[in-house]
Amino acid sequence: MDITKEVRRILDDVLSLNGRSAAFTHDTPLLGAIPELDSMAVVTLITTLEDQLGLVVDDDDIGGATFATFGSLTDFVSNKLAS
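Each chain has its residues counted from 1, running along the sequence as written. For this predicted model, a pLDDT threshold of at least 70 governs which residues receive local features, and a threshold of 80 or more governs which side-chain atom pairs are given and counted, while totals over whole chains, interfaces and linings are taken from all residues. To obtain the side-chain values, all non-hydrogen atoms of the structure were included, while hydrogens and water were left out.

## Quick word on the overall build of the protein
Then comes step 1: Runs of H or I in DSSP of at least four residues are treated as helices and runs of E of at least two as strands, each being numbered from the N terminus. Looking only at helices and strands, the protein has 3 helices and 0 strands in total.
Then comes step 2: Taken over C-alpha atoms, the radius of gyration comes to 11 Å for the protein, in line with the 12 Å a tight globule of 83 residues would show.
Then comes step 3: Projecting the C-alpha coordinates of the protein onto the three principal axes gives extents of approximately 30 × 25 × 20 Å.
Then comes step 4: Between buried and exposed lies partly exposed: a residue is buried under 20% and exposed over 50% of the maximum accessible area for its type, with that area taken using a 1.4 Å probe on protein chains only. Taking all 83 residues of the protein together, the buried fraction comes to 42%.
Then comes step 5: Look at the contacts in the protein between residues 6 or more apart in sequence, and 59% of them connect residues 24 or more apart.
Then comes step 6: Here the protein contributes 5 positive and 14 negative side-chain charges, whose respective centroids are spaced 8 Å apart. Radius of gyration here is computed from C-alpha atoms only, and the compact-globule reference equals 2.2 Å multiplied by the residue count raised to the power 0.38. By the convention used here, residues are in contact when the closest approach between their heavy atoms is within 4.5 Å. When charges are counted, Lys and Arg are positive and Asp and Glu negative, with His and the chain ends excluded. Where a charge lies is defined by one atom per residue type: Lys uses NZ, Arg uses CZ, Asp uses CG and Glu uses CD.

## Thoughts on the packing of helix α2 (residues 39-53) against helix α3 (residues 70-82)
Then comes step 1: Only C-alpha atoms enter the line fits that serve as axes; for helices the fit covers just the stretch in contact. Angles between N-to-C directions range over 0 to 180 degrees. In the contact formed by α2 and α3, the axes pass within 12 Å of each other and the chain directions differ by 40 degrees. By the angle between their axes, α2 is oblique relative to α3. For α2 against α3, the interelement crossing comes out right-handed. Taken together, the residues of α3 that come into contact with α2 (itself represented by Leu45, Leu49 and Leu53) are Leu73, Val77 and Leu81.
Then comes step 2: For the contact of α2 with α3, a count of residues per class yields 6 nonpolar, no polar and no charged. Oblique is the label for every angle not falling under 35 degrees (roughly parallel), over 145 degrees (roughly antiparallel), or within 65 to 115 degrees (roughly perpendicular). Left-handed describes a crossing whose near helix is turned anticlockwise from the far helix through less than a right angle; right-handed describes the clockwise counterpart. Following the grouping adopted for this structure description, the nonpolar residues are Ala, Val, Leu, Ile, Met, Phe, Trp, Tyr, Cys and Pro, the charged ones are Asp, Glu, Lys and Arg, and the polar ones are all others, Gly among them.

## Section: the nonpolar core
Then comes step 1: Each nonpolar core is a collection of buried residues, namely Ala, Val, Leu, Ile, Met, Phe, Trp, Tyr and Cys, held together in the definition by side-chain atoms within 4.5 Å. Leu11, Leu15, Leu37, Leu45, Leu49, Leu73 and Val77 are the most contacted members of the largest nonpolar core, which has 24 residues in total.
Then comes step 2: Every element with two or more residues in this core is listed here: α1 (3-14), α2 and α3.
Then comes step 3: No other element matches the 6 residues that α2 contributes to this core.

Right, here's the structure in full:
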């Protein structure tokens with residue numbers, strides 16, 4: 001599975017970005033930079049990641065740093081899938 005591609009697809013779908021996620025790089029800021037990523041969208045994003053990728057995300061796993069950049073979110077997903 002290409003985790004970067006899957007995270008990009010899920011972000012695009014959950015946030016209704018209409019393909020804008022295709023331009024995201026590892027350093028692209030997310031939280032606070034993308035208006036669509038509000039607190040409700042974060043909850044939906046976490047739920048979707050769990051459902052579609054088989055992750056289990058604990059409350060202690062979640063912090064602002066997780067959603068700081070596209071890379072930090074992708075790294076988080078990679079680490080969760082590896083554990």
